[in-house]
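# An overview of the molecular structure
What follows is the residue order along each chain.
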Amino acid sequence: MLKQQLHTHFGFNSFLKGQEDVIRKVLDRQSAAAIFPTGAGKSLCYQLPAMLLPSMTLVVSPLLSLMKDQLDFLLEKNIPAARLDSTLQKNEYNAILEKAKNNELKILMISVERFK
């Protein structure tokens, strides 16, 4: 089932080393830590569960460029996602908050400085 969902949502046919174990723990609502090298697929460890769990997933990120890259990827895959950070105009920020309140997002990324 997980591999089918992986392909459906992201177009991948298999998991990278360690991803499936972390994802299963998250889906079982257990704590998990994913310490992988850069480019080894840590993001998928929250992205796939976000698609399978009923509510929105909140991601706190210290890097605006990483948030932008991940958001671009998610939007390319037609996954309802957005980010809240200091680069947004007030009207954009408020529109994203409304989408989150109305359950229109599966993933909301927020920068550390906005996580107050």
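Residues numbered from 1 in each chain as written. Predicted model: local features only at pLDDT ≥ 70, side-chain atom pairs only at ≥ 80, totals over all residues. Heavy atoms only, no water.

## Re the nonpolar core
We count it as follows: In these notes, a set of buried Ala, Val, Leu, Ile, Met, Phe, Trp, Tyr and Cys residues joined through side-chain atoms within 4.5 Å is what counts as a nonpolar core. A 1.4 Å probe rolled over the protein chains alone gives each residue an accessible area, and that area as a share of the maximum for its type sets the label: buried under 20%, exposed over 50%, partly exposed in between. The secondary structure listing takes helices from DSSP runs of H or I that are at least 4 residues long and strands from runs of E that are at least 2 residues long, numbered from the N terminus. Here, residues are in contact when the closest pair of their heavy atoms is within 4.5 Å.
Core analysis: the biggest nonpolar cluster contains 22 residues, and Phe10, Leu48, Ile107 and Met109 have the highest contact counts within it. When residues of this core are traced back to their parent elements, those giving at least two are helix H1 (2-10), helix H2 (19-27), helix H3 (44-52), helix H4 (64-76) and strand S3 (107-111). Top contributing element to this core by residue count: H3, with six residues. In this structure, Ile107 is in contact with Tyr46, Gln47, Ala50, Met56, Thr57, Val59, Leu74, Ile79, Pro80, Ala81 and Ala82, ignoring residues within four places of it in sequence. By size, the runner-up hydrophobic cluster in this structure holds nine residues, among which are Ile96, Ala100, Leu108 and Ile110.

## With respect to the pairing of strand S2 (residues 81-84)
Successive side chains on a regular strand alternate, one facing one side of the sheet and the next facing the other. Selection rule: Two strands pair if DSSP finds at least two bridges between them. The path from the first strand over the helix to the second decides the hand: if it runs clockwise while the strands point away from the viewer, the crossover is right-handed.
Where burial is concerned, the two faces of S2 agree: the one with Ala81 and Arg83 and the one with Ala82 and Leu84 are both buried. One ladder, built from four bridges, connects S2 with S3; its direction is parallel. Residue pairing for S3: Ala81 is matched across the bridge by Ile107. Handedness of the S2-helix H5 (residues 90-101)-S3 crossover: right-handed.

## A look at the pattern of salt bridges
Put simply, the test is: For this document, the term salt bridge refers to a Lys or Arg side-chain nitrogen within 4 Å of an Asp or Glu carboxyl oxygen.
Using the criterion set out here, one finds four salt bridges in the structure. A salt bridge links Arg24 to Glu20; the shortest N-O distance between them is 2.8 Å. Of this pair, Arg24 and Glu20 both sit in helix H2, four residues apart, which is roughly one turn of the helix.

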